[in-house]
Amino acid sequence: MENSTEVLFSTIVSTMIDNLTNNSNYSDLDLLAFTEESRIEAIVYSVLFLLASSGNIPVFISLIRGRRRRSRIEEMIFHLTIADLIVTFVMIPLEISWRITVEWIAGDALCRIMLFFRAFGPYLSSMILVCISIDRFTAIVYPLSVNVAQKRVRWMLRYAWAGSFVCSIPQRPKMSPWNPSIDN
């Protein structure tokens, strides 16, 4: 008697083989269509846009108005706000427009630029959150190294921006959701 894992695995494999060998024609499916799901996604993204912009713009303005020398955490929150604004004003409208139009009509160059920013915003946001975590850890472990901490924060932020840039570069529209027919 086979154990339950083998039975489950054989069932999954046989189902996959049946689906692949089935006479279903994927070209008959209209993958590029505005559906009810697309409408709901556009509405959800719109609500997220309103929430993100109403939360990040006041923080950004208050940090800009404070001309005094910022603390380490304020400096990192400022950069995190910039990253969140990139997500809010580049990535979210891009997703909304994709859900509504279902087709990319702006050309290959703009597609590559937008795919870069689509990846850059979340990368930058994540990397700055890591910088904040490292800074808070070192502030607890080494509470008296204030001068070293200021320099470390500047370098961490530089690395976060550079790392986000490098990680976002290889965006290719070959399998882009906007144009699945591009063949590079």
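Residues numbered from 1 in each chain as written. Predicted model: local features only at pLDDT ≥ 70, side-chain atom pairs only at ≥ 80, totals over all residues. Heavy atoms only, no water.

Asker: Provide a residue-level description of the packing of helix H3 (residues 72-101) against helix H5 (residues 146-168), including the pertinent values.
Answerer: Between H3 and H5, the shortest axis-to-axis distance is 10 Å and the interhelical angle comes to 10°. The angle between H3 and H5 places the two elements in the roughly parallel class. Where H3 approaches H5, its residues Arg72, Glu75, Met76, His79 and Ile82 are matched on the opposing element by Ala149, Gln150, Val153, Leu157 and Trp161. Its residues placed into classes, the contact of H3 with H5 shows six nonpolar, two polar and two charged. (Axes fitted to C-alpha atoms, helices over the stretch in contact; angles between N-to-C directions. Helix = DSSP H or I, 4+ residues; strand = E, 2+ residues; numbered from the N terminus. Parallel < 35°, antiparallel > 145°, perpendicular 65-115°, else oblique. Contact = heavy atoms within 4.5 Å. Nonpolar A, V, L, I, M, F, W, Y, C, P; charged D, E, K, R; others polar.)

Asker: Before we move on, can you summarise the packing of aromatic side chains with the specific residues and values?
Answerer: Enumeration according to the criterion identifies eight aromatic pairs in this entry. Taken together, a centroid distance of 5.2 Å and an interplanar angle of 80° make the contact between Phe116 and Phe117 edge-to-face. In this structure Phe116 comes out as buried when scored by relative accessible area, which is 15%. Centre to centre, the rings of Phe116 and Phe120 are 5.4 Å apart; their planes meet at 15°, and the pair counts as stacked. One end of the pair, Phe116, and the other, Phe120, are both in helix H4 (residues 108-141), four residues apart, so they sit about a helical turn from each other. Residue Phe116 shares its accessibility class with Phe120, and that shared class is buried. Among the aromatic side chains, those forming a connected cluster through ring pairs are Phe116, Phe117, Phe120, Trp161 and Phe165. Lying over the aromatic face of Trp155, Arg158 brings its terminal NZ or CZ to 4.8 Å of the ring centre. (Phe/Tyr/Trp six-rings, centres within 6.5 Å; stacked < 30°, edge-to-face > 60°. Buried < 20%, exposed > 50% of the residue type's maximum accessible area, 1.4 Å probe, protein only. Lys NZ or Arg CZ within 6 Å of the ring centre and 35° of its normal.)

Asker: Describe the UniProt feature "transmembrane region" (unreviewed entry) in the protein chain, naming the residues involved and giving the relevant values.
Answerer: Those places that UniProt annotates as "transmembrane region" (unreviewed entry) correspond, in this numbering, to residues 42-64, 76-94 and 123-149. For the annotated span residues 42-64, helix accounts for 100% and strand for 0% of the residues, and the straight-line distance between the end C-alpha atoms is 31 Å. Each end of residues 76-94 is marked by a C-alpha atom, and these two atoms are 26 Å apart; helix forms 100% of the span and strand 0%. (UniProt positions renumbered as here; feature names shortened; annotations may be inferred.)

Asker: Please set out the environment of Pro170 residue by residue, giving values where relevant.
Answerer: When you line up the elements, Pro170 lands in the segment after H5. Residue class for Pro170 comes out exposed when judged on its relative accessible area of 56%.

Asker: Can you break down the pattern of salt bridges residue by residue, with the values?
Answerer: According to the stated counting rule, one finds seven salt bridges in the structure shown. Where Arg39 meets Glu36, a salt bridge forms, and the shortest distance between an N and an O atom there is 2.4 Å. Highlighted residues: Arg39 and Glu36, both in helix H2 (residues 36-65), separated by three residues, approximately one helical turn. Across the salt bridge formed by Arg112 and Asp108, the nearest N and O atoms sit 3.1 Å from each other. Placement of both Arg112 and Asp108 in helix H4 is noted, with a separation of four residues, approximately one turn of the helix. A relative accessible area of 31% means that Arg112 is categorised as partly exposed. Using a relative accessible area of 36% as the deciding quantity, one classes Asp108 as partly exposed. A single network of salt bridges, built from pairs that share partners, joins Glu41, Glu95, Arg99 and Arg118. (Salt bridge = Lys/Arg side-chain N within 4 Å of Asp/Glu carboxyl O.)

Asker: Kindly report on a positive patch on the surface, identifying the contributing residues and their values.
Answerer: Taken together, the side chains of Arg69, Lys151, Arg154 and Arg158 make up a positively charged region of the molecular surface. Tracing the sequence through the fold places Lys151 in helix H5. Residue classification places Lys151 among the exposed positions, given a relative accessible area of 54%. (Patch = residues over 30% accessible without salt bridge, like charges linked within 9 Å, V, L, I, M, F, W, Y side chains within 5 Å. Areas by Shrake-Rupley, 256 points an atom, 1.4 Å probe, with all protein chains shown as cover. Lys, Arg positive; Asp, Glu negative; His and termini not counted. Charge placed at Lys NZ, Arg CZ, Asp CG, Glu CD.)

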